[in-house]
Amino acid sequence: MNRRTFLARAAAGVGVSAAVGLTPLNPLAPGSRREASAETTTPTSSEESTETEQPSHYLWTGDVFGDVSGLVTDTTGDELYVSRGTTVERIDAGSGEVEWDVESEQSIEEPVAVGDETVFAVGRHGRLVAAGRDGGDRLWFEDTNAFSPARPILDDDIVVVAGQSVSAYEIDSGVRQWSSSDRFTSPRTLRSGRHLYVGDHRNTAKLDLRDGSTVWQFDNGDRVDGPSFNFVLDSQRDLLFGTNSGTLYAVDANAGSLEWTAEDPGTFRSLAATDDGLVYCLETDAGNSQFGVIDLDDREIMWEKIASLDFEGWEYGRATTDLTVYGGSILVGTSSGHLATIDPGASRFRAATTAHDDGIDRLSVDGDRAYLTSSRVLRGIDLGETALVR
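The residue numbers shown here count from 1 along each chain, following its written sequence. Per-residue local features are limited, in this predicted model, to residues with pLDDT of at least 70; the limit for side-chain atom pairs, both in listing and counting, is 80 or more; totals at the level of whole chains, interfaces and linings are taken over all residues. The side-chain numbers reported here are obtained from all heavy atoms of the structure, hydrogens and water having been left aside.

**Q** How should I be thinking about the overall build of the protein in this particular structure?
**A** Assigned secondary structure in the protein consists of zero helices and 36 strands. Contact definition: two residues touch when any of their heavy atoms are within 4.5 Å. Pairs at least 24 apart in sequence give 44% of the contacts found in the protein among residues at least 6 apart. In this description, accessible areas are obtained by the Shrake-Rupley approach with a 1.4 Å probe, and a residue is regarded as covered only by the protein chains that are shown. Looking at the protein as shown, the accessible area adds up to about 16,400 Å², and 43% of this sits on carbon and sulfur atoms. Helix and strand assignments come from DSSP, with helices taken as H or I runs of at least 4 residues and strands as E runs of at least 2, each series counted from the N terminus.

**Q** Even after reading the chapter, I still don't get the sheet that holds strand S5 (residues 79–84), so can you show me in this structure?
**A** In a beta sheet, neighbouring strands pair by backbone hydrogen bonds and run either parallel or antiparallel. Across the sheet, which stays open at both edges, the four strands sit in the order S4-S5-S6-S7 with antiparallel pairing between neighbours. The open sheet is flanked by strand S4 (68–73) and strand S7 (98–103), the only strands paired with a single partner. Between one strand and the next, the sheet's axes are offset by a mean angle of 15 degrees, whatever the strand orientation. Strand pairing is assigned whenever DSSP detects at least two bridges linking the two strands. Bridging between S5 and strand S6 (residues 87–92) involves six bridges; their strand directions are antiparallel. Its bridge partner being in S6, Tyr-81 is matched across the sheet by Arg-90. Lines are fitted to the C-alpha atoms to define the axes, a helix being fitted only along its stretch in contact, and any angle between axes, read from their N-to-C directions, falls within 0 to 180 degrees.

**Q** Help me understand the packing of aromatic side chains, please; the structure alone is not making it clear to me.
**A** Ring pairs (aromatic) are described by centroid distance and by the angle formed between their planes. To pair, rings of Phe, Tyr and Trp, with the six-membered ring standing in for Trp, must have centres within 6.5 Å; the planes then decide the type, stacked if under 30 degrees apart, edge-to-face if over 60, and tilted in the middle. Applying the stated criterion to the full structure yields seven aromatic pairs. Arranged with centres 5.8 Å apart and planes meeting at 70 degrees, the rings of Phe-268 and Tyr-280 form a pair that is edge-to-face. Taken together, the residues Phe-268 in strand S24 (residues 267–274) and Tyr-280 in strand S25 (residues 277–283) connect sequence positions twelve residues apart. With respect to burial, Phe-268 and Tyr-280 carry one shared label: buried. Throughout this description, buried means an accessible area under 20% of the type-specific maximum (1.4 Å probe, protein chains only), exposed means over 50%, and partly exposed covers the range between.

**Q** What exactly am I supposed to notice about the pattern of salt bridges here?
**A** Side chains that differ in charge, positive against negative, can pair when their charged atoms come close. In the sections that follow, a salt bridge refers to a side-chain nitrogen of Lys or Arg positioned within 4 Å of a carboxyl oxygen of Asp or Glu. As enumerated under the stated definition, the model contains 17 salt bridges in all. One salt-bridge network, held together by shared partners, links Asp-74, Glu-79, Arg-90, Glu-99 and Arg-133.

**Q** Looking at this structure, I do not really get the sheet that holds strand S9 (residues 118–122). What am I missing?
**A** Spatial strand order, S8-S9-S10-S11: four strands in an open sheet with antiparallel pairing. Each having just a single partner strand, strand S8 (113–114) and strand S11 (138–143) make up the two edges of the open sheet. Strand direction decides the pairing type here: S9 and strand S10 (residues 127–132), joined by five bridges, are antiparallel. Paired with Val-122 across the two strands is Leu-128, which belongs to S10.

**Q** What exactly am I supposed to notice about unusual backbone geometry here?
**A** Across residues other than glycine, the phi torsion is negative in most instances, and most of the peptide bonds are trans. Residue Ser-148 is not a glycine yet carries a positive backbone phi of 50 degrees. Tracing the sequence through the fold places Ser-148 in the loop between S11 and strand S12 (153–155). Positive phi, normally seen in glycine, also occurs at Arg-299, with a value near 55 degrees. Position of Arg-299 among the secondary structure elements: in the loop between strand S26 (289–295) and strand S27 (300–306).

**Q** Looking at this model, I keep getting lost on the environment of Thr-373. Mind explaining?
**A** Within the element layout of this structure, Thr-373 appears in strand S35 (residues 369–374). Residues Thr-373 and Gly-70, 303 residues apart in the sequence, show an inter-C-alpha distance of 9.9 Å. Thr-373 has contacts with Val-68, Leu-71, Ile-360, Asp-361, Arg-362 and Leu-378, leaving out every residue within four places of it along the chain.

**Q** Which parts of the structure should I look at to understand the nonpolar core?
**A** The nonpolar side chains of a soluble globular protein tend to be buried with one another. Judged by nonpolar contacts, the single largest core of 16 residues is most densely connected at Phe-291, Trp-303, Leu-323, Ile-330, Val-332 and Ile-342. If sequence neighbours within four positions are ignored, Ile-330 has contacts with Ala-272, Thr-274, Val-279, Leu-323, Thr-324, Val-325, Ala-340, Thr-341, Ile-342 and Pro-344. With 15 residues, the next largest nonpolar core counts Ala-250, Phe-268, Leu-278 and Tyr-280 among its residues. Each nonpolar core is a collection of buried residues, namely Ala, Val, Leu, Ile, Met, Phe, Trp, Tyr and Cys, held together in the definition by side-chain atoms within 4.5 Å.

**Q** Explanation requested: a negative patch on the surface in the structure shown.
**A** Patch rule: a residue counts if its relative accessible area is over 30% and it has no salt bridge; like charges are joined within 9 Å, and nonpolar side chains (Val, Leu, Ile, Met, Phe, Trp, Tyr) within 5 Å. Charge assignment: positive for Lys and Arg, negative for Asp and Glu; neither His nor the chain ends contribute. Taken as the charge location is NZ of Lys, CZ of Arg, CG of Asp or CD of Glu. A contiguous patch of negative charge on the surface is contributed by Asp-116, Glu-117, Asp-134, Asp-157 and Asp-172. On the accessibility criterion, Glu-117 (65% relative accessible area) is exposed.

**Q** Is there a simple way to think about the environment of Thr-274 in this case?
**A** By the secondary structure assignment, Thr-274 is in strand S24. Put simply, Thr-274 and Ile-330 are 56 residues apart on the chain and 8.7 Å apart in space, counted from C-alpha to C-alpha. Every residue in contact with Thr-274, bar those within four places of it in the chain, is listed here: Val-279, Val-325, Ile-330 and Pro-344. A polar atom in the side chain of Thr-274 sits 3.1 Å from the backbone nitrogen of Asp-276. Residues adjacent in sequence count toward polar contacts only when both atoms are side-chain atoms; beyond that, a polar contact is any pair of N or O atoms within 3.5 Å, and within protein one must be able to donate a hydrogen and the other to accept it.

**Q** Got a minute to help me understand the side chain of Asp-155 in this structure?
**A** Position of Asp-155 relative to the elements: it lies in strand S12. Judged by relative accessible area, Asp-155 falls into the buried class, the value being 3%. A polar contact of 2.6 Å, which involves the side chain of Asp-155, links it to the side chain of Arg-191. Other than its neighbours up to four places away in sequence, Asp-155 contacts Arg-191, Arg-194 and Leu-209.

What follows is the structure, encoded as structure tokens:
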């Protein structure tokens, strides 16, 4: 932790950066840490599933062959869409029954976008496929010439694909409506109202979804190393947070200026914003999961833990999924096949429950239901039947 640095930049963002180093303004400096409250734990669920009796919180279990790259539900929470290989499946979220599937000629490596009547999936080399939501019939496809594009974004009557350039297509016909002047490589995106934040290993841009015009572009190539991931927007402070390998950075969402960066020898895996602050999870050089919370008003670490998830005599491995906000806590899947909750305000792990007998690869939460994949298994979980939130 002594190797971390913190750079403050004025709102103008174009002047010389001031080195803050180990002052109290540095949220990742050892001297800025608050005294952590004493850690307490609650009894955890460590039951194991058997062939004769499944835990009560298991809704259903289905076999899945091949890597699942996308889990997303519709707005009602009744339909679960699974991206797997070159196939998208629609599954009844309550029963796990497969209702239809549609094929693409390319590997689909992102979740789909679900419209009122149409579902959109984009392949690794940019083939955008539109399928009818009711029956899964292919309606049209368009080659966007994007390599490793991000998940499609829906806005009124257009579907937007980000990859190299960002382009919009008319929902009913697939006719291109506009294309951005900025270019990206294997981008990540975050939609906020009528704007789309897009980032890659060098550029971060804010685009207007109405015509693809650039509101601002931030060239982070000389200051932030690695690809952009884990975009989180703090609307209250107008800050966009992103991670690039071992760097966490904040950009003014209105002006596009770099506000600060913080570096760590580990690799940032995921971010989540809560009322308590910005929660981060990174993987240390030793392979452990490191959790922490930054108070965004005081710009200091509230607490931080470098350890595997173990308490009450049980070990739950390391975090293997993105952080998800659930019931005021942070929910994460682990390498031991458990779901664990972390209290961001009280600096403690709260509880854990069995989800599978092997590590969890992907997790999606909708209300009190969670959907996860692990070792050829797709499973629905009733979170209300667990002791994860007390």
